[in-house]
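# Analysis of the macromolecular model
Here is what each chain is made of, one letter per residue.
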Amino acid sequence: MRELFDEVAGQSRLDPEEAVRRTTRSPRRKRFYTKAGVVEGPGGFAITLDDRPVRTPSGRALAAPTRAIADAIAAEWEAQPEFIDPMSMPMTRFANSVVDAVVDRVDAVTDDVAKYLGSDLLFYRAGYPEALVAREAAHWDPIVFWAAEALGAHFILAEGIVHVRQPEPAIAAARAALPGDPWSIAAVHVVTTLTGSALLALALLRGVRDADQVWNAAHVDEGWNIEQWGVDEEVAARRRARLVDFAAAAGIIGALNPAT
């Protein structure tokens with residue numbers, strides 16, 4: 001079963017779009033098991049197929065930190081019909097990424113998220129038309145103000161696309177708010193890369209915004225363009241694919257940080 005997910009791993013195991021591209025070239029594999037289950041052990045809650053442990057692409061045992069997450073992964077395996085479709089298993093793909101690519105390098109993943117704080121989506125605003133300017137402000141200003149007040153991270157806003165260097169103290173303050181456990185930082189990484197905003201990911205982590213609010217805030221400009229010019233089906237298909245992985249990451253964040 002490991003080779004199924006080797007095919008969708010791509011250059012970055014946290015890159016769902018690369019996974020989509022690679023999976024279109026992989027052969028379908030028949031379901032080879034009768035039932036999926038969960039077994040609690042010293043390494044967490046392991047996922048099993050016919051009572052045998054599932055392995056990640058690198059050969060490690062696939063285990064989740066909570067029963068709820070493990071049950072969700074097992075449910076994906078249980079829901080597979082005659083053929084297994086890895087792209088219908090976002091929680092499994094996410095878990096593979098964490099176990100294989102994040103557990104041993106949490107600091108590197110944190111650094112990658114922190115890079116977005118230098119050029120976050122929320123910092124660069126439209127100059128016109130007025131309605132779009134107002135819409136961006138309505139979705140984005142509360143998050144920027146929250147970061148300043150709650151995190152002590154005072155960022156600079158800009159109009160247009162010319163890069164503005166952000167204050168190092170602001171970046172450091174926001175970086176300090178990132179989680180330290182591999183599953184949470186991996187989920188924050190996915191949300192950050194899919195939305196283009198580490199601040200939106202932090203707002204989701206801290207419960208300042210829910211998943212729907214974060215997703216909508218990340219697509220303010222895209223939504224505006226759709227209203228003006230109509231739906232581009234190719235763009236819409238990519239957005240739907242990204243939403244699947246976003247929802248999985250948001251679910252992980254909610255499961256591990258319910259009271260944050």
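These figures come from a predicted structure and were not determined experimentally.

## Comments concerning the overall build of the protein
- For the protein, the helix and strand inventory stands at twelve helices and eight strands.
- For the protein, the residues scored as buried account for 46% of the 260 residues in total.
- Nonlocal contacts in the protein, meaning residues at least 24 apart in sequence, comprise 65% of its contacts between residues at least 6 apart.

## Quick notes on helix H5 (residues 106–115)
- Inspection of H5 places Val106, Val109, Thr110, Val113 and Ala114 among the buried residues, and these make up the whole buried set. Looking straight down H5, one finds that the buried residues subtend no more than 145° of arc, so they occupy a single side. Seen from the open side of H5, the exposed residues pointing more than 90 degrees away from its buried face are Asp107 and Lys115.
- As for H5, its buried residues are in contact with helix H4 (90–102), helix H7 (168–176), helix H8 (182–195) and helix H9 (198–205).

## Examining unusual backbone geometry
- Cis geometry is found at the peptide bond from tyrosine 128 to proline 129, where omega equals -10°.
- For proline 129, the position within the fold is in the loop between strand E7 (124–125) and helix H6 (130–151).
- Positive phi, close to 55°, is recorded for aspartate 50, a residue that is not glycine.
- You can call aspartate 50 partly exposed: its relative accessible area is 30%.

## Let's talk about the pattern of salt bridges
- In total, this model carries twelve salt bridges according to the counting rule given.
- Note that glutamate 78 and arginine 31 form a salt bridge whose closest N and O atoms lie 3.6 Å from each other. One end of the pair, glutamate 78, is in helix H3 (residues 67–78); the other, arginine 31, is in the loop between strand E1 (29–30) and strand E2 (36–41), and 47 residues separate them in sequence.
- Here arginine 60 and aspartate 104 are joined by a salt bridge, their closest N and O atoms 2.6 Å apart. Separated by 44 residues along the polypeptide, arginine 60 in the loop between strand E4 (52–53) and strand E5 (63–64) and aspartate 104 in the loop between H4 and H5 bring together distant segments of the chain.
- Taking relative accessible area as the criterion, aspartate 104 reaches 59% and is therefore assigned exposed.
- Through salt bridges with shared partners, a single network forms among Glu222, Arg239 and Arg242.

## Observations regarding the environment of glycine 251
- Structurally, glycine 251 is set in helix H12 (residues 233–256).
- The sequence separation of glycine 251 and alanine 187 amounts to 64 residues, and the corresponding C-alpha distance is 8.7 Å.

## What to know about the side chain of serine 197
- Along the chain, serine 197 turns up in the loop between H8 and H9.
- The class of serine 197 is buried, set by a relative accessible area of 0%.
- At 2.7 Å, the side chain of serine 197 forms a polar contact with the side chain of aspartate 120.

## Concerning the packing of H4 against H12
- Closest axis-to-axis distance for the H4/H12 pair is 9 Å, and the angle between their directions is 65°. Considering the angle they form, H4 stands roughly perpendicular to H12. The two elements H4 and H12 cross, and the hand of that crossing is right-handed. Every residue of H12 that contacts H4 at Pro90, Met91, Arg93 and Phe94 is listed here: Val244, Asp245, Ala248 and Ile252.

## Looking at the confidence of the model for the protein
- In the predicted model, the protein carries a mean pLDDT of 90, and 89% of its residues have values of at least 70.
- Low pLDDT, under 50, characterises residues 1–13; the predicted model gives this stretch 36 contacts beyond four residues in sequence or across chains.

Cut-offs applied
- Residues numbered from 1 in each chain as written.
- Predicted model: local features only at pLDDT ≥ 70, side-chain atom pairs only at ≥ 80, totals over all residues.
- Heavy atoms only, no water.
- Helix = DSSP H or I, 4+ residues; strand = E, 2+ residues; numbered from the N terminus.
- Buried < 20%, exposed > 50% of the residue type's maximum accessible area, 1.4 Å probe, protein only.
- Contact = heavy atoms within 4.5 Å.
- Arc of directions from axis to C-beta.
- Salt bridge = Lys/Arg side-chain N within 4 Å of Asp/Glu carboxyl O.
- Polar contact = N/O pair within 3.5 Å; in protein donor to acceptor, adjacent residues only side chain to side chain.
- Axes fitted to C-alpha atoms, helices over the stretch in contact; angles between N-to-C directions.
- Parallel < 35°, antiparallel > 145°, perpendicular 65-115°, else oblique.
- Left-handed = near helix turned anticlockwise from the far one by under 90°.
- pLDDT = per-residue confidence, 0-100.

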